[in-house]
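Chain by chain, the residues run as shown.
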Amino acid sequence: PPGDEALSEWEAQIADNVPDGWPGAVLFCSVPLQQGVNQALLRRMCALSKPMAGVRIRAVSQGHPCHGTPFASGLFATAKFARGHRLGQYAGALCAGDPRHPTREPTLGQYGMTLDPEEVGAAMLVDAKHVGNEGRFINDFRGVATRPNVAFVTRHDMTRGLWIDVQVIEPISE
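Quick caveat: nothing in here was measured; it's all calculated off a predicted structure.

Participant: Would you take a moment to explain the overall build of the protein chain for this structure?
Facilitator: The number of helices and strands found in the protein chain is 3 helices and 10 strands. Listing each helix as α and each strand as β along the protein chain from the N terminus yields α-β-α-β-β-β-β-β-α-β-β-β-β. A buried classification covers 37% of the 174 residues belonging to the protein chain. Within the protein chain, contacts between residues separated by at least 24 positions form 62% of all contacts whose residues are at least 6 apart in sequence. Looking at the protein chain as shown, the accessible area adds up to about 10200 Å², and 54% of this sits on carbon and sulfur atoms.

Here you go:
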């Protein structure tokens, strides 16, 4: 394990990359983590993480369904995005099982994004409750808009593993 000096350097690297509005209790990492990632690799991935371009985290307005709840922050565009644009990846810890499965620690659905079982051949999810990126702040469109402006698309590759892309499906204005 690294000494206090190495740990402080690592913490400083991570602090430089954390987007404004990031909750202190959640580890910022823009890389979708695979099962069994060891601590040294996790630290390296977090230190190399970069915020998503063209978005920021901010409080939702009064009247938004999440206003006044523990989930009162959302992800907002600071640039225009055309249909088909890939915003980035939904990052978090890759877990086996469905978030609604009774043997799994409940995340209440707020931070667990299920991978398409047709694509991966098993029930898997990316859980951003304790580690993740700005994707965890994308709020449900219901109660705010008539349809979603992004889709979560499961991807996999033999060398890169599993991940979820955040794909723009309706133009997004600044």
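Participant: Quick question: what am I supposed to make of the nonpolar core here?
Facilitator: Side chains of nonpolar character tend, in soluble globular proteins, to be buried together. If you look at the biggest cluster of nonpolar residues, it comprises 24 residues, and the most contacted ones within it are Y90 and L115. If you list the elements that add at least two residues to this core, you get strand 2 (55-59), strand 4 (86-90), strand 7 (124-127) and strand 10 (161-168). Examining the composition of this core, we find that 4 residues originate from one element, strand 10, more than from any other. Contact partners of Y90, with chain neighbours within four places excluded, come to P32, Y111, G112, M113, V126, A128, N133, G135, R136, F152, I164 and V166.

Participant: Just to check I follow, could you spell out the sheet that holds strand 7 for this structure?
Facilitator: Paired through their backbone hydrogen bonds, the strands of a sheet run either parallel or antiparallel. Strand order across the open sheet formed by 3 strands is 5-7-6, with antiparallel pairing between neighbours. The sheet terminates laterally at strand 5 (93-96) and strand 6 (112-114), the two strands that pair on one side only. On average, each strand axis in the sheet is tilted by 30° relative to the strand beside it, whichever way the strands run. With 4 bridges joining them, strand 5 and strand 7 adopt antiparallel strand pairing. From the neighbouring strand, A93 faces strand 7, where its bridge partner is D127.

Participant: Just to check I follow, could you spell out the pattern of salt bridges for this structure?
Facilitator: Two side chains with opposite charge may pair up if their charged atoms get near one another. Considering all chains together, one arrives at 4 salt bridges under this definition. Between E170 and R83 there is a salt bridge whose closest N-O contact spans 3.4 Å. Here E170, found in the segment after strand 10, pairs with R83, found in the loop between strand 3 (73-77) and strand 4; they are 87 residues apart in sequence, far enough to count as distant. The exposed category is assigned to R83, whose relative accessible area is 54%. The salt bridge involving D165 is made with R86; its shortest N-O contact spans 2.8 Å. One end of the pair, D165, is in strand 10; the other, R86, is in strand 4, and 79 residues separate them in sequence. The exposure class assigned to D165 is buried, which follows from its relative accessible area of 5%. Of the residues examined, R86 reaches a relative accessible area of 40% and is grouped as partly exposed. A cluster of three or more residues bridged by salt bridges with shared partners is formed by R83, R147 and E170.

Participant: I keep staring at the sheet that holds strand 10 and nothing clicks. Help me out?
Facilitator: One open sheet holds the 3 strands; their spatial order is 4-10-9, and the pairing between them is antiparallel. Looking at strand neighbours, the two that pair on one side only are strand 4 and strand 9 (150-157), the edges of this open sheet. Taken pair by pair, the neighbouring strands of this sheet meet at an average axis angle of 30°, ignoring direction. Bridging between strand 4 and strand 10 involves 4 bridges; their strand directions are antiparallel. Along strand 10, the bridge assignment pairs G88 with V166.

Participant: Help me out: how do you make sense of the packing of aromatic side chains in this one?
Facilitator: Two descriptors summarise a pair of aromatic rings, namely the distance from one centre to the other and the angle between the planes of the rings. Enumeration according to the criterion identifies 3 aromatic pairs in this entry. Between the aromatic rings of W22 and F137, the centroid separation amounts to 5.7 Å while the plane-to-plane angle is 70°, which identifies the pairing as edge-to-face. Taken together, the positions of W22 in the loop between helix 1 (4-17) and strand 1 (27-28) and F137 in the loop between strand 8 (131-132) and strand 9 put the pair 115 residues apart, joining distant regions of the chain. Directly above the aromatic system of F76 lies the positively charged group of R58, at a separation of 3.6 Å from the ring centroid. Sitting above the plane of the Y111 ring, R136 keeps its charged end 3.9 Å from the centroid.

The rules behind the values
- Residues numbered from 1 in each chain as written.
- Predicted model: local features only at pLDDT ≥ 70, side-chain atom pairs only at ≥ 80, totals over all residues.
- Heavy atoms only, no water.
- Helix = DSSP H or I, 4+ residues; strand = E, 2+ residues; numbered from the N terminus.
- Buried < 20%, exposed > 50% of the residue type's maximum accessible area, 1.4 Å probe, protein only.
- Contact = heavy atoms within 4.5 Å.
- Areas by Shrake-Rupley, 256 points an atom, 1.4 Å probe, with all protein chains shown as cover.
- Core = buried A, V, L, I, M, F, W, Y, C linked by side-chain atoms within 4.5 Å.
- Pairing = 2+ DSSP bridges.
- Axes fitted to C-alpha atoms, helices over the stretch in contact; angles between N-to-C directions.
- Salt bridge = Lys/Arg side-chain N within 4 Å of Asp/Glu carboxyl O.
- Phe/Tyr/Trp six-rings, centres within 6.5 Å; stacked < 30°, edge-to-face > 60°.
- Lys NZ or Arg CZ within 6 Å of the ring centre and 35° of its normal.

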